[in-house]
Amino acid sequence: MSLLSKIPHSKKIIFGLDRCLWPFTVEYSRVSSVMTTHTQEFARNRSRCLLNMKKDGSKLMIASRSSNPRVCTLLLEKLYPDVKWDARAIFSANNKIPHISKLVGVNEPFCLF
């Protein structure tokens, strides 16, 4: 039995960006220096998982506290061109509570990665 099969079918899955969907932190890295073979392989492996989750009926969302949403959006488009995100909340905040509230509401079940 896979991990995905254990998650309820009405699943909403929220992903952070830094060190989750790419192996660096946007604020502390120069984008020109992070587009390496390692980064592309990192994203390719995750992309396959994301596409399988989407195919299985998951809603895929982004919650990021990044202070540079423009760069995050460009990286998502470059590294995950085939993934159709259901919602994104990319803005600077002290924690991810406002992001999660915006994406799924207060009492809705979700998984956070």
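All of these numbers come straight from a predicted model, not from anything done at the bench. (Residues numbered from 1 in each chain as written. Predicted model: local features only at pLDDT ≥ 70, side-chain atom pairs only at ≥ 80, totals over all residues. Heavy atoms only, no water.)

**Looking at the overall build of the protein**
What the protein contains, in helices and strands, is five helices and four strands. Scanning the protein from its N terminus toward the C terminus, one meets helices and strands in the order α-β-α-α-β-α-β-α-β. For the protein, buried positions account for 38% of its 113 residues. The long-range share in the protein, meaning contacts at least 24 apart out of those at least 6 apart in sequence, stands at 75%. (Helix = DSSP H or I, 4+ residues; strand = E, 2+ residues; numbered from the N terminus. Buried < 20%, exposed > 50% of the residue type's maximum accessible area, 1.4 Å probe, protein only. Contact = heavy atoms within 4.5 Å.)

**Some remarks on unusual backbone geometry**
Not every positive phi belongs to a glycine, and Arg 19 is a case in point at roughly 65°. Within the element layout of this structure, Arg 19 appears in the loop between β1 (12-15) and α2 (31-34). Residue class for Arg 19 comes out exposed when judged on its relative accessible area of 60%.

**A word on helix α5 (residues 97-104)**
For α5, the complete set of buried residues consists of His 99, Ile 100, Leu 103 and Val 104. Viewed end-on, α5 has its buried residues packed into an arc of 95°, placing them on one side of the element. Summarising the geometry of α5, the exposed residues directed more than 90 degrees from the buried face are Ile 97 and Lys 102. Check the buried side of α5 and you find it contacts β1, β2 (59-64), β3 (87-90) and β4 (111-112). One or two steps after α5, the chain reaches Gly 105, where phi turns positive at roughly 85°. (Arc of directions from axis to C-beta.)

**Focus on the pattern of salt bridges**
Per the counting criterion, the structure on display carries four salt bridges. Two residues, Glu 108 and Lys 12, come together in a salt bridge whose shortest N-O distance is 2.9 Å. Of this pair, Glu 108 sits in the loop between α5 and β4 while Lys 12 is found in strand β1, placing the two residues 96 residues apart along the sequence. When its relative accessible area of 36% is taken as the criterion, Glu 108 is described as partly exposed. A salt bridge links Asp 86 to Lys 54; the shortest N-O distance between them is 2.5 Å. Pair noted here: Asp 86 is in the loop between α4 (69-79) and β3 and Lys 54 is in helix α3 (residues 37-55), with a separation of 32 residues, a long-range link. (Salt bridge = Lys/Arg side-chain N within 4 Å of Asp/Glu carboxyl O.)

**Digging into α4**
Regarding α4, the residues found buried are Val 71, Cys 72, Leu 75, Leu 76 and Leu 79. The arc enclosing the buried residues of α4, seen along the axis, measures out at 140°, which places them on a common side. Every exposed residue of α4 that faces more than 90 degrees away from the buried side is listed here: Arg 70 and Lys 78.

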